[in-house]
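# Notes for the structure review
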Amino acid sequence: MVEKIRNNTLYFDGCNTVELAERFGTPLFVYSQTDISKRFSEIRKCFIEGYPKNRVAYAAKAFCSLAMLKLVEKEGMCVDVVSGGELYTAIKAGFPAERIEFNGNNKSVEEIEMAVDYEIGRIIIDSLQELDLIEKVCIEKGKKMDVLFRITPGVKSDSHDYIVTGKKDSKFGVPLDDEVVLPYTKAAIDSEFVNFLGYHFHVGSQLFDNGSHLQAIDVILDLVRKVKDSFGYNITELNLGGGFGVRYRDEERKSFSYFLEPMMEKVCNAFKEIGIEIPAMVIEPGRSIVAEAGLSLYTVGSIKDIKGLRKYVSVDGGMTDNIRPALYGASYTGIIANKAEEPRNDTVTICGKCCESGDILLKDEKIANPEAGDIFAVFSTGAYGYSMSSNYNRNTIPGVVFLKDGEAEWAIKPQGFEDMIVNDMIPDSLK
Ligand SMILES: *Cc1c(COP(=O)(O)O)cnc(C)c1O
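Described in the following lines is the structure provided in the data block. As the structure is a prediction and not an experimental result, all values here were calculated from the model. (Residues numbered from 1 in each chain as written. Predicted model: local features only at pLDDT ≥ 70, side-chain atom pairs only at ≥ 80, totals over all residues. Heavy atoms only, no water.)

### Some thoughts on the nonpolar core
Counting residues in each nonpolar core, the largest one holds 107 residues, and the members touching the most others are Y58, F63, Y199, L260 and V290. With ten residues, the single largest contributor to this core is helix α9 (residues 256-274). When residues of this core are sorted by domain, at least three fall in each of domain 1 (3-30 + 293-420) and domain 2 (50-286). Residues contacting Y199, with those up to four places away along its chain left out, are L148, F149, I151, V181, T185, I220, L223, V227, I235, E237, L238 and N239. Counting residues in hydrophobic clusters, the runner-up holds 21 residues, among them F12, A21, L28 and A340. (Core = buried A, V, L, I, M, F, W, Y, C linked by side-chain atoms within 4.5 Å. Buried < 20%, exposed > 50% of the residue type's maximum accessible area, 1.4 Å probe, protein only. Helix = DSSP H or I, 4+ residues; strand = E, 2+ residues; numbered from the N terminus. Domains from an automatic or database assignment. Contact = heavy atoms within 4.5 Å.)

In structure tokens:
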């Protein structure tokens, strides 16, 4: 764990969080580089060292910035992008194009052109039309693209409905019916303009049980057999997506090896039995890399004690920097960073400053006695926090600081008010 309590103060990756709040201002995102690197090392041990063909593509959507992608690049990992904007960020961060993989259920022609121009490593095709589109672009540009098909394995996973993606009724992936997926696979195998490598699935997010990944592998293995028997074609790559769960409050995080070892074992055994060389295996962890590496710091403002009902403690951020509690009831925990050793015997609701009653970060949380000016820290906000932030109420998006060896540096500057109007225009009709 990168958080420590000393002298009544919360430290994160060796840095005094109260001093960070003073020096950089609040609201503020703070990331521990140590923690991120540690996650990659764990994966390297159980997934890469014994299987040199395997790759890890960090799912950039969890948290995407030049600094983050630079760190991922330096760790030797690949990156999974889902938009032109993320692709642009990866290129600008200095990512070698061949280590970029492109997911997404509705890639535009411009995005596909960009991917082909840069000659990125993979496009993961999500729909029947997309293959045609990629072929068209490759013909125009005289290039050939390595592709996988994302399929919907039809397994249920035990998570919130909004983050379940592997069931058949989903906007993601190609349905697994033989009459759909087989001719489609054949078309890709026969194409001169794409190089078909294999399949991809992503069963869901924030999972604590390896069951849905393992079930999905079974489903894919059937398909691999069929493709071998029907077309004499041996796939060379399988992408198992992300979805590995993290600790927000008191969940017990499973190790990467809990997921990855049985997955590799299943695939290796099955491919031996089918008589195909073990494919390159890819995973796309997002949340499990950055969630716990991130901490949000806020300053406490107004406090409203509604007798017999609830005590509201307002902070200087809210749903604009962390929409997950409002969007799907995500639950976090936090402490007053400057009262870290004081008894937590006040039950309060930490709310943001936006004009929405649902702008609540933590509900009925036990904390030390709060006062205006205290620094409140919310744990595990590194994934889908900054990346989902908005300018609602024209609140500015906070900055991000990266920590390493007890030193702190800006990774993203906070927005200023001038950024709020940078793209605004006054139409002639109003002048
Ligand atoms: C969201 C997503 C991921 C990452 O999921 P996490 O739960 O953050 O690990 C990986 N692959 C695809 C295709 C995704 O959509």
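### Regarding the packing of helix α5 (residues 109-118) against helix α6 (residues 128-141)
Where α5 contacts α6, the two axes come as close as 10 Å, and the packing angle between them is 50°. Considering the angle they form, α5 stands oblique to α6. Handedness of the crossing formed by α5 with α6: right-handed. Contacts between α5 and α6 involve V109, I112, E113, V116 and D117 from the first element and E130, L133, I134, V137, C138, E140 and K141 from the second. Here the contact of α5 with α6 is built from residues that sort into seven nonpolar, no polar and five charged. (Axes fitted to C-alpha atoms, helices over the stretch in contact; angles between N-to-C directions. Parallel < 35°, antiparallel > 145°, perpendicular 65-115°, else oblique. Left-handed = near helix turned anticlockwise from the far one by under 90°. Nonpolar A, V, L, I, M, F, W, Y, C, P; charged D, E, K, R; others polar.)

### Quick look at the pattern of salt bridges
Going through the model one piece at a time under the given rule, you end up with 29 salt bridges. Where D222 meets R225, a salt bridge forms, and the shortest distance between an N and an O atom there is 3.4 Å. Pair noted here: D222 and R225 are both in helix α8 (residues 211-231), with a separation of three residues, about one helical turn. Owing to a relative accessible area of 43%, D222 belongs among the partly exposed residues under this scheme. Close ionic contact of K431 with D428 constitutes a salt bridge, the shortest N to O distance being 3.4 Å. Exposure class is identical for K431 and D428. Each is exposed. A single salt-bridge network, built from bridges that share partners, covers D35, K38, R39, E42, R253 and E292. (Salt bridge = Lys/Arg side-chain N within 4 Å of Asp/Glu carboxyl O.)

### Looking at the site of the ligand
Around the ligand sit 15 residues, and of these K61, S205, E284, R287 and Y384 come closest. Between the ligand and the protein, one listed contact pairs an oxygen atom with a backbone N or O atom of R287 at 2.8 Å. Isolated, the ligand exposes 390 Å² of accessible area, and the fraction of that covered by the protein chains is 95%. For the shell around the ligand, the class distribution of residues is three nonpolar, seven polar and five charged. (Near = heavy atom within 4 Å. Polar contact = N/O pair within 3.5 Å; in protein donor to acceptor, adjacent residues only side chain to side chain. Areas by Shrake-Rupley, 256 points an atom, 1.4 Å probe, with all protein chains shown as cover.)

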